[in-house]
Amino acid sequence: SWLSPLNIKYVIVAKHGNEAPLDFLDHQGDLAKVLETDTLTLFRNENIVTKFNYTDLAFKIDGLSDPNLRDAVGQCPADYIKISPIQYEINMPDNCNLEQPSIYLLTSIPYSNSWSAGDYKHLSQFHGINVFDVSKDEVTIYFERFKLLKIFYLISSLSIATLFLAMIFCIYKKKQNLHRS
């Protein structure tokens, strides 16, 4: 499904008059119509939805209404540990049989080129998500921008501490001058 890598479990379609711009959703094998009213239709993605998926197929979606949408066959949900909001350790499950040489890690995290998986190639934006060309089944991804920001946080903290110490020193000197006079 083209929805699974995006971590989409439900799709709500608002109906506008006689238009049916998303009528192809009725024909998606992985979507089940849960509710239909005069103004809304609710679909549920029947596939497993997870933050990270491994696949051996680099697939391309040219447009949402394209009748030739291809499933990412060989796609399997990844096990992961959230180390922090900006770092995840991702493991391929043992029962995931993907063919080498190309294994891709699909993430549902909104695209940013600041996400990194070490030396693995970060593919260009793929419909709003991050995709990495990985070759092993254990990967740690992290948001690199915060590494640079840590330096600036340290500089800011040292500057504030210096100003605070200078203020205390000035107050101390002022009190000493008052005691002398």
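Residues numbered from 1 in each chain as written. Predicted model: local features only at pLDDT ≥ 70, side-chain atom pairs only at ≥ 80, totals over all residues. Heavy atoms only, no water.

Turning our attention to the pairing of strand E8 (residues 103-110). Most of E8 is tucked away, with seven of its eight residues classed as buried. When strand E4 (residues 52-55) meets E8, the two strands line up antiparallel, connected through four bridges. Bridge pairing in E8 places asparagine 53 opposite leucine 106. (Buried < 20%, exposed > 50% of the residue type's maximum accessible area, 1.4 Å probe, protein only. Helix = DSSP H or I, 4+ residues; strand = E, 2+ residues; numbered from the N terminus. Pairing = 2+ DSSP bridges.)

With that out of the way, let us pick up the sheet that holds strand E3 (residues 40-45). Strand order in the open sheet made by the three strands is E1-E3-E2, with antiparallel pairing throughout. Both outer strands of the open sheet, strand E1 (10-14) and strand E2 (31-36), are each paired with one neighbouring strand and no more. Neighbouring strand axes in the sheet, compared pairwise and without regard to direction, differ in orientation by 25° on average. Inspection of the sheet shows E2 paired to E3 by five bridges, in the antiparallel sense. Across the sheet, the residue bridging to lysine 33 is phenylalanine 43, located in E3. (Axes fitted to C-alpha atoms, helices over the stretch in contact; angles between N-to-C directions.)

With that settled, the discussion passes to the pattern of salt bridges. Under the definition given, this model contains two salt bridges. Note that glutamate 36 and lysine 33 form a salt bridge whose closest N and O atoms lie 3.2 Å from each other. The partly exposed category is assigned to glutamate 36, whose relative accessible area is 46%. Given the relative accessible area of 40%, lysine 33 is considered partly exposed. The residue arginine 44 makes a salt bridge to glutamate 46 at a minimum N-O spacing of 3.1 Å. With relative accessibility at 43%, the residue glutamate 46 sits in the partly exposed group. (Salt bridge = Lys/Arg side-chain N within 4 Å of Asp/Glu carboxyl O.)

Overall, the predicted model of the protein reaches an average pLDDT of 77, with 76% of residues at or above 70. Contacts of residues 60-73 to residues separated by more than four positions or lying in other chains number 24 contacts, the stretch itself having pLDDT below 50. (pLDDT = per-residue confidence, 0-100. Contact = heavy atoms within 4.5 Å.)

Pairing within the open sheet is antiparallel, and its four strands lie in the order E6-E7-E12-E9. Edge positions in the sheet fall to strand E6 (79-84) and strand E9 (115-116), since each of these pairs with one other strand and no more. Bridging between E9 and strand E12 (residues 138-143) involves two bridges; their strand directions are antiparallel. By the bridge assignment, tryptophan 115 is partnered in E12 with phenylalanine 143.

With respect to the helices, strands and loops of the structure, tyrosine 88 is situated in strand E7 (residues 87-91). Considered as a pair, tyrosine 88 and threonine 140 are 52 residues apart in the sequence and their alpha carbons are 5.6 Å apart. If sequence neighbours within four positions are ignored, tyrosine 88 has contacts with Lys51, Phe52, Tyr80, Ile81, Lys82, Ile83, Ile109, Trp115, Val139, Thr140 and Ile141.

Glancing now at the packing of aromatic side chains. Each aromatic ring pair is described using two quantities: the centre-to-centre distance and the angle formed by the ring planes. This model, assessed by the stated rule, comprises five aromatic pairs. Where tyrosine 80 meets tyrosine 88, the ring centres are 6.0 Å apart and the plane angle is 70°; that geometry is what we call edge-to-face. Ring centres of tyrosine 88 and tryptophan 115 lie 6.3 Å apart, and the angle between their planes is 40°; on these two criteria the pair is classed as tilted. In this pair, tyrosine 88 is assigned in strand E7 and tryptophan 115 in strand E9, connecting sequence segments 27 residues apart. The buried category is assigned to tyrosine 88, whose relative accessible area is 5%. Pairwise contacts between aromatic rings join Phe52, Tyr80, Tyr88, Trp115 and Phe143 into one cluster. (Phe/Tyr/Trp six-rings, centres within 6.5 Å; stacked < 30°, edge-to-face > 60°.)

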